[in-house]
Amino acid sequence: MAKQKHPNSSKSNWLFLVVLAFYLVVVVFPFLWIFITSFKSTGEIFGNNPFNIIPENPTLSHYSSVIFDKGIFTAIWNSLVVSGVTTIYIVFVATLAAYAISRFDFFGKNLLLGIVLAVSMFPQMIVIGPIYNLFVDLGWTNSYWITLPYSSITLPMAVWILVTHFNQIPMALEESAKMDGANRFQTLFRIVFPLAAPGVFTTAIIVFITAWNEFVLAITINSDASYHTVPVAISFLRTQFEILWGQVAAATTLVTIPTLLIVLFFQKQIVSGLTSGGVKE
């Protein structure tokens, strides 16, 4: 005998859908508006009808300007290099640190985890001064060495996430590998690391996006325009008296594409990594 749906259940579903649709509109609208603005002329952006959804006279002049005059692709390349290098070495270091914290019993283990979490909450302005002075002394300003201080904002988060995932892997697997003659490093990279792949992948994506969006360190240490990353390059799309909103919108549209593609192509892995470490077996 078929079960009848309760009227309140149907109303709840509709309410949920309405709330979800409203939330999606609120989230997506800023990106849509930036995309629309990038095709509007400067006169239309500041004219009588700035809120028109469809541009009256669509133009690609803003894209042409940021690509050929402002060199936005150079900034995109710098961000790719900095974010890519940061992701590689942070994931490697975080893997070793998280494995040690997860598997070894030592005094102050919980305190260490607390310190790691606390460090991730430090304002960047606390460390920017000492880091800048160090880079000036070493002659590393205006270079890709900026990837090193990025560890102050990405490493604590990466370690915390990976510790959670390593804790989900049974010790019996490592004990079996040890009986077969595997050492700690072989066990880590041949047994534990592949099993924690969803969490490692998620960590890499989060680190990459965090490094991609970083602004304070990039603008302080790399003042040379040839080493500007995407956020810094966009911040300089202005004159003495105005902000070039059309160029800002065009540049924002272009630089959003790499991270958007990453999220779209790897959304299943990201979701899997975020959820797999949140269930205690």
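Here the structure is a predicted model, which means the values were calculated and not measured.

Notes on a nonpolar patch on the surface
Taken together, the side chains of Trp 14, Phe 16, Leu 17, Leu 20, Tyr 23, Leu 24, Val 27, Val 28, Phe 31, Leu 32 and Phe 35 define a hydrophobic patch exposed on the protein surface, amounting to about 1100 Å² of accessible area. Within the secondary structure layout, Tyr 23 lies in helix α1 (residues 7–37).

Brief notes about unusual backbone geometry
With a phi close to 55°, Asn 142 is a non-glycine residue in the positive phi region. What makes Asn 142 partly exposed here is its relative accessible area of 24%.

Some remarks on the domain arrangement of the chain
When the parts come together, some accessible area is lost, and that loss is often what is quoted as the size of the interface. By domain assignment, the chain separates into domain 1 (10–62) and domain 2 (70–236). Computed over C-alpha atoms only, the centres of domain 1 and domain 2 are separated by 35 Å.

Re the nonpolar core
Core analysis: the biggest nonpolar cluster contains 20 residues, and Val 159, Leu 162, Val 163, Phe 166 and Val 192 have the highest contact counts within it. Looking at this core, the elements that each hand over two or more residues are α4 (72–103), α5 (109–119), α7 (151–166), α9 (184–195) and α10 (197–213). For this core, the element with the highest residue contribution is α4, accounting for 6 residues. Apart from residues no more than four positions distant in its own chain, Phe 166 is found in contact with Thr 95, Ala 98, Tyr 99, Ser 102, Arg 103, Val 192 and Ala 196. Counting 18 residues, the second largest nonpolar core, distinct from the first, contains Ala 75, Val 248, Ala 250 and Ile 262.

Criteria and thresholds
Residues numbered from 1 in each chain as written. Predicted model: local features only at pLDDT ≥ 70, side-chain atom pairs only at ≥ 80, totals over all residues. Heavy atoms only, no water. Patch = residues over 30% accessible without salt bridge, like charges linked within 9 Å, V, L, I, M, F, W, Y side chains within 5 Å. Areas by Shrake-Rupley, 256 points an atom, 1.4 Å probe, with all protein chains shown as cover. Salt bridge = Lys/Arg side-chain N within 4 Å of Asp/Glu carboxyl O. Helix = DSSP H or I, 4+ residues; strand = E, 2+ residues; numbered from the N terminus. Buried < 20%, exposed > 50% of the residue type's maximum accessible area, 1.4 Å probe, protein only. Domains from an automatic or database assignment. Core = buried A, V, L, I, M, F, W, Y, C linked by side-chain atoms within 4.5 Å. Contact = heavy atoms within 4.5 Å.

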